[in-house]
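Chain residues, written in single-letter form:
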Amino acid sequence: KNQVEQSPQSLIILEGKNCTLQCNYTVSPFSNLRWYKQDTGRGPVSLTIMTFSENTKSNGRYTATLDADTKQSSLHITASQLSDSASYICVVSAGAGSYQLTFGKGTKLSVIP
Amino acid sequence: GAGVSQSPSNKVTEKGKDVELRCDPISGHTALYWYRQSLGQGLEFLIYFQGNSAPDKSGLPSDRFSAERTGGSVSTLTIQRTQQEDSAVYLCASSPDRGHGYTFGSGTRLTVV
């Protein structure tokens, strides 16, 4: 069964600090991995998308890494801001051109002043 | 439109009543998806529409759930004889093609009392 596990479930950090969120998956065949940010009451918004051959991808202060051998990904947030408070969801797509996505339950990040 | 629009944003209904949720995808997007996000759970695939092809209904949890997409654009998700376990956020997404460039709406929060 395809699964995506995220950790930690929730995280509280001080504004300006860095943090790293983890994602482990058992999805086969693997096509791509995406990180989404979901603000409260809003739909998920894409941050990064990585295919099998990509090890890292950045989007501003967000940097995602992918190790396809160990089936692990991380999302690193640098110099956190209050607006980074949201849920971060790891999503894995199975098979090229597949529309079937497997979603993690997300990590709820709270950035406090 | 500029984004995926869903209505209503919130819906409270009595157990046993029918509800209709609406999704207006991005103009020109041929693919449309419905997901359900229950409290503390990852997004759950419900149904997928692609152009004029027969929809993939494999994710619908019961025969009380149905969806249609008229004219390849607006979609309606209908839940008949609602139950308390149907309470969740229902998210719609569209993409220009299968498996690429998802854009999510803000969702409809359904509460069955």
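See the structure shown above.
It should be emphasised that the depicted structure is a prediction, and the values quoted were computed from it without experimental measurement. (Residues numbered from 1 in each chain as written. Chains lettered and ligands numbered in written order. Predicted model: local features only at pLDDT ≥ 70, side-chain atom pairs only at ≥ 80, totals over all residues. Heavy atoms only, no water.)

Colleague: Please clarify how the pattern of salt bridges should be interpreted in this entry.
Modeller: Residue and element names in this part refer to chain A. Applying the stated rule across the entire model yields six salt bridges over all chains. A salt bridge links glutamate 54 to lysine 57; its shortest N-O distance comes to 2.9 Å. Its relative accessible area of 23% is what places glutamate 54 among the partly exposed residues. (Salt bridge = Lys/Arg side-chain N within 4 Å of Asp/Glu carboxyl O. Buried < 20%, exposed > 50% of the residue type's maximum accessible area, 1.4 Å probe, protein only.)

Colleague: Looking at this structure, I do not really get the environment of glutamine 84 of chain B. What am I missing?
Modeller: When you line up the elements, glutamine 84 of chain B lands in the loop between strand E7 (75-79) and strand E8 (88-95). Contacts of glutamine 84 of chain B, omitting those with residues within four sequence positions, involve Val112 and Val113 of chain B. (Helix = DSSP H or I, 4+ residues; strand = E, 2+ residues; numbered from the N terminus. Contact = heavy atoms within 4.5 Å.)

Colleague: Mind showing me how you'd approach the packing of aromatic side chains here?
Modeller: The description of an aromatic ring pair rests on the distance of the ring centres and on the angle between the ring planes. On inspection of all chains with the given rule, the structure shows eleven aromatic pairs over all chains. Judged by centre distance (6.1 Å) and plane angle (45°), the ring pair of tyrosine 62 of chain A and tyrosine 88 of chain A falls under tilted. Within this pair, whereas tyrosine 62 of chain A is found in strand E7 (residues 62-67), its partner tyrosine 88 of chain A is found in strand E9 (residues 86-94), the two being separated by 26 residues in sequence. By the burial criterion, tyrosine 62 of chain A is buried, and tyrosine 88 of chain A matches it. Ring plane angle 20° and centroid distance 6.4 Å describe the contact between tyrosine 102 of chain B and phenylalanine 104 of chain B, whose orientation is recorded as stacked. When sorted by exposure, tyrosine 102 of chain B lands in the same class as phenylalanine 104 of chain B, which is buried. Members of the aromatic cluster, joined through ring pairs, are Tyr36 and Phe103 of chain A together with Tyr33, Tyr35, Phe45, Tyr48, Tyr102 and Phe104 of chain B. (Phe/Tyr/Trp six-rings, centres within 6.5 Å; stacked < 30°, edge-to-face > 60°.)

Colleague: So what exactly am I meant to see when it comes to the sheet that holds strand E3 (residues 19-26) of chain A here?
Modeller: Strand pairs in the sheet, formed through backbone hydrogen bonds, run parallel or antiparallel to each other. Residues and elements named next belong to chain A. Pairing is antiparallel in the open sheet, where five strands are placed in the order E1-E3-E8-E7-E6. A strand with exactly one partner marks an edge of an open sheet, and here the two such strands are strand E1 (3-7) and strand E6 (56-59). Averaged over all pairs of adjacent strands, the angle between strand axes in this sheet comes to 15°, irrespective of strand direction. Of the strand pairs in this sheet, E6 and E7 are connected by four bridges, and their pairing is antiparallel. By the bridge assignment, serine 58 is partnered in E7 with threonine 63. (Pairing = 2+ DSSP bridges. Axes fitted to C-alpha atoms, helices over the stretch in contact; angles between N-to-C directions.)

Colleague: Help me understand the interface of chain A and chain B, please; the structure alone is not making it clear to me.
Modeller: Frequently, the measure chosen for interface size is the accessible area removed from exposure when the parts meet. If you look at the interface, chain A gives 16 residues, while chain B gives 18 residues. Both faces combined, the contact of chain A with chain B buries some 1500 Å², and carbon together with sulfur accounts for 53% of it. When the buried area of chain A at its contact with chain B is split by residue, Tyr99, Phe103 and Lys105 of chain A rank highest and sum to 41% of it. Taken together, the links from chain A to chain B amount to zero salt bridges. Summed over the shared surface of chain A and chain B, the result is three residue pairs in polar contact (both at pLDDT 80 or more). The set of elements that each furnish at least two residues to the side of chain A that touches chain B consists of strand E4 (30-38) and strand E10 (101-103) of chain A. The leading source of residues in the side of chain A that touches chain B is E4 of chain A, at three residues. Residues that form the side of chain A that touches chain B fall into these classes: six nonpolar, seven polar and three charged. (Buried area = accessible area lost by both parts, 1.4 Å probe. Polar contact = N/O pair within 3.5 Å; in protein donor to acceptor, adjacent residues only side chain to side chain. Nonpolar A, V, L, I, M, F, W, Y, C, P; charged D, E, K, R; others polar.)

Colleague: I would appreciate a short explanation of the nonpolar core in the present structure.
Modeller: A general trend in soluble globular proteins is that nonpolar side chains are found buried together. In this structure, Tyr25, Leu33, Trp35, Leu75 and Tyr88 of chain A are the most contacted members of the largest nonpolar core, which totals 25 residues. Elements with a minimum of two residues in this core: E3, E4, strand E5 (45-51), E7, strand E8 (72-77), E9 and strand E11 (107-112) of chain A. Broken down by element, this core gets its largest block of residues, five residues, from E9 of chain A. With near-sequence residues (within four places) excluded, leucine 33 of chain A lies in contact with Cys23, Tyr25, Thr48, Ile49, Met50, Leu66, Ser73, Cys90, Val91 and Val92 of chain A. Core analysis: the second largest hydrophobic core is formed by 20 residues, Val19, Ile47, Leu60 and Ile79 of chain B among them. (Core = buried A, V, L, I, M, F, W, Y, C linked by side-chain atoms within 4.5 Å.)

Colleague: In this structure, what is going on with the pairing of E8 of chain B? I would like to understand it.
Modeller: Looking along a regular strand, one sees the side chains alternate between the two faces of the sheet. Residue and element names in this part refer to chain B. In terms of burial, E8 is a largely internal element, eight of the eight residues being buried. Here E8 shows a buried face lined by Ala88, Tyr90, Cys92 and Ser94 and a second buried face lined by Val89, Leu91, Ala93 and Ser95. Where E8 and strand E10 (residues 108-112) come together, three bridges link them in antiparallel fashion. Bridged to tyrosine 90 within E10 is threonine 108.

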